[in-house]
Amino acid sequence: MEFLQLKYFQLTAKHENVTKAAGELFISQPALSKMIRNLETELGVQLFDREGKHIVLNAYGKKFLKRVDQAMYTLEQGVTEVKEMKHEKIEVITLYIAVGSMLLPSIVRQFRDRYPHIRFNLTQHPAQIKKGMDYDFAITSERIEENEQIVLLEEEILLGVPAAHPLSALNTVALKDLEHEKFISLTTANALRRTTDRFFSNIPYEPDIVFESDDPATVRGLIQSGLGISFIPSVLWNRVVSDDIRLLPISEPLCMRTIYLSWPAGKQFTDTEKSFFEFILQLFRDISASGQ
């Protein structure tokens, strides 16, 4: 699959007219038709329905066009960034963030207010950081081997229950007493799920997980709807928990997680990276002090 194929498909899909697209691309109509057919052959499906002299993007074509548009936009952004870097002094900080994604807008806005020439490349919530990944800093709840790291935050994990749930009348709960409760959970690809699974290592039952989602907002919504209970980080999720959810401390076992700032071992910080390092440390000090 070639870049030109995707570009030509994108324009043909826009016009749904081979003649018009070929004219705009300054190639012959047969050449464009052949390229589209080759692309369809490679994909194993037709992307257009032929209706006489007209073509109409079908369901396969619409689905594929959505991804092509995203890919083309990303490439255009890359070209723009490279050109800007050529003419301006622009520094890029590559940040891998596995936890605390709700802080991202604040992190980016506040730091760029101080350093407007900075650009961020952001990677969020991959299943697990992989060896060879290119990043300057990582914010995670799991230690990364061969990295240097510092603790940003120690936070308690609470139990979130619907406000109308019988458990909401309690002051604390113990996991051993929740065998018959319905749990809502993140998927196993999520670091918080791996943390909470370890809480049950000495509990004589497996939690009855009735819903799984890779989206924390969905988990919170399901709790609000009264469909089950779930684990809620006491600090980083504090601002996104509504009054429909009651948060209960867990008396046993001790349910905590650690948030780390990590970077490749031996990395030499630029002046801007040093500033970002201090900025993140202060941000989490403030968050820890305020509890939100």
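Residues numbered from 1 in each chain as written. Predicted model: local features only at pLDDT ≥ 70, side-chain atom pairs only at ≥ 80, totals over all residues. Heavy atoms only, no water.

### Here's the deal with helix α3 (residues 29-43)
The following threshold applies: Only DSSP runs of H or I covering at least 4 residues are called helices, and only runs of E covering at least 2 are called strands; the numbering of each starts at the N terminus. Residue count minus one, scaled by 1.5 Å, sets the expected span of a helix. With a 1.4 Å probe rolled over the protein chains alone, any residue whose accessible area is under 20% of its type maximum counts as buried; one over 50% counts as exposed, and the rest are partly exposed. Here the arc refers to the set of directions running from the helix axis out to each C-beta atom. Throughout this description, a polar contact denotes any pair of N or O atoms lying within 3.5 Å of each other; where both atoms belong to protein, one of them has to be capable of donating a hydrogen while the other can accept it, and for residues adjacent in sequence the pair is counted only when both atoms sit in side chains.
In this model α3 runs 21 Å from its N-terminal to its C-terminal C-alpha over 15 residues, within 8% of the 21 Å that 1.5 Å per residue would give. Buried within α3 we find L32, S33, M35, I36, L39 and E40. The arc that holds the buried residues of α3, viewed along the axis, is 160°, so those residues lie on one side. Exposed residues pointing more than 90 degrees away from the buried face of α3 are listed as P30, K34 and T41. For α3, the capping residue at the N-terminal end is S28, with a side-chain oxygen 3.2 Å from the backbone nitrogen of A31.

### Some points on the environment of F277
Rule in force here: Contacts between residues were defined by any pair of non-hydrogen atoms, one from each residue, lying within 4.5 Å.
Along the polypeptide, F277 turns up in helix α8 (residues 271-290). Under the relative-accessibility criterion, F277 is labelled buried at 14%. With 15 residues separating them in the primary sequence, F277 and S262 have C-alpha atoms 10.0 Å apart. The contacts of F277, once residues within four sequence positions are left out, are F137, I150, L261, W263 and F269.

### Notes on the pattern of salt bridges
Using the following cut-off: Salt bridge, as used here, is a side-chain nitrogen of Lys or Arg placed within 4 Å of a carboxyl oxygen of Asp or Glu.
For the structure on display, the rule yields nine salt bridges. Bridged by salt links that share partners, the residues D136, K267 and E273 form one connected network.

### Side note on unusual backbone geometry
Omega for the peptide link from E252 to P253 comes to -5°, which places this bond in the cis form. For P253, the location among the structural elements is in the loop between β12 (250-252) and β13 (256-264). The phi angle at E146 is positive, at roughly 65°, despite the residue not being glycine. Relative to the helices and strands, E146 is located in the loop between β5 (137-140) and β6 (147-162).

### Examining the nonpolar core
What counts here: Nonpolar core, defined: a set of buried Ala, Val, Leu, Ile, Met, Phe, Trp, Tyr and Cys residues in which side-chain atoms within 4.5 Å join the residues together.
Core analysis: the largest hydrophobic core is formed by 54 residues, its most contacted members being I139, L159, L175 and F276. A per-element tally of this core places α8 first, with eight residues. Formed by 21 residues, the second largest nonpolar core is a distinct cluster that contains L6, Y8, L11 and L65.

### Quick notes on the packing of aromatic side chains
For clarity, the cut-off: Here a pair means two rings of Phe, Tyr or Trp (six-membered ring of Trp) with centres within 6.5 Å. Their orientation is stacked below 30 degrees between planes, edge-to-face above 60, and tilted elsewhere. A ring is scored as having a charge over it whenever the NZ atom of a lysine or the CZ atom of an arginine sits within 6 Å of its centre and within 35 degrees of its normal.
Taken as a whole, this structure holds 19 aromatic pairs when the rule is applied. Ring pairs connect the aromatic residues F111, Y115, F120, F137, W263, F269, F276, F277 and F279, which therefore count as one cluster. Positioned over the ring face of W237 is R220, at 5.1 Å from the centre of the ring.

### A few points about the environment of P166
Of note, P166 is situated in the loop between β6 and β7 (173-174). Taking the C-alpha atoms as reference, P166 lies 58 Å from M1; in sequence the two are 165 residues apart.

### Here we look at helix α2 (residues 18-25)
Buried within α2 are the following residues: V18, A21, A22 and L25. End-on, the buried residues of α2 take up no more than an arc of 100°, which puts them together on one face. On the buried face of α2, the contacting elements are α1 (3-15), α3 and β2 (54-57). Positive backbone phi, approximately 60°, marks F26, located one or two places after α2.

### Focus on a nonpolar patch on the surface
Filter applied, for reference: Patches here are clusters of residues that have more than 30% relative accessible area and form no salt bridge, with a 9 Å joining cutoff for like charges and a 5 Å cutoff for nonpolar side chains (Val, Leu, Ile, Met, Phe, Trp, Tyr). Throughout, the Shrake-Rupley method with a 1.4 Å probe supplies accessible areas, and for residues the shown protein chains are the sole cover considered.
Residues F3, L4 and L75 make up a contiguous nonpolar surface patch of roughly 280 Å² in combined accessible area. Within the fold, L75 resides in helix α4 (residues 59-87). Residue L75 is classed as partly exposed on the basis of its relative accessible area, which comes to 47%.

### Quick word on the packing of α1 against α3
Rule in force here: Here the axes come from fitting lines to C-alpha atoms, over the contacting stretch only for helices, and the angles between their N-to-C directions go from 0 to 180 degrees. The labels follow the angle: roughly parallel below 35 degrees, roughly antiparallel above 145, roughly perpendicular from 65 to 115, and oblique for the rest. Charged residues are taken to be Asp, Glu, Lys and Arg, nonpolar residues to be Ala, Val, Leu, Ile, Met, Phe, Trp, Tyr, Cys and Pro, and polar residues to be all remaining types, Gly included.
For the pair α1 and α3, the least separation of the axes is 10 Å and the interaxial angle reads 110°. Regarding the angle of α1 to α3, the classification is roughly perpendicular. Packed against α1, whose contacting residues are L4, Q5, Y8, F9 and T12, the element α3 presents L32, M35, I36, N38, L39 and E42 at the interface. Of the residues that constitute the contact of α1 with α3, the class distribution is seven nonpolar, three polar and one charged.

### Focus: the side chain of T195
Among the secondary structure elements, T195 is positioned in helix α6 (residues 191-198). Among all residues touching T195, those that are not within four sequence positions of it are S141, M256 and R257.

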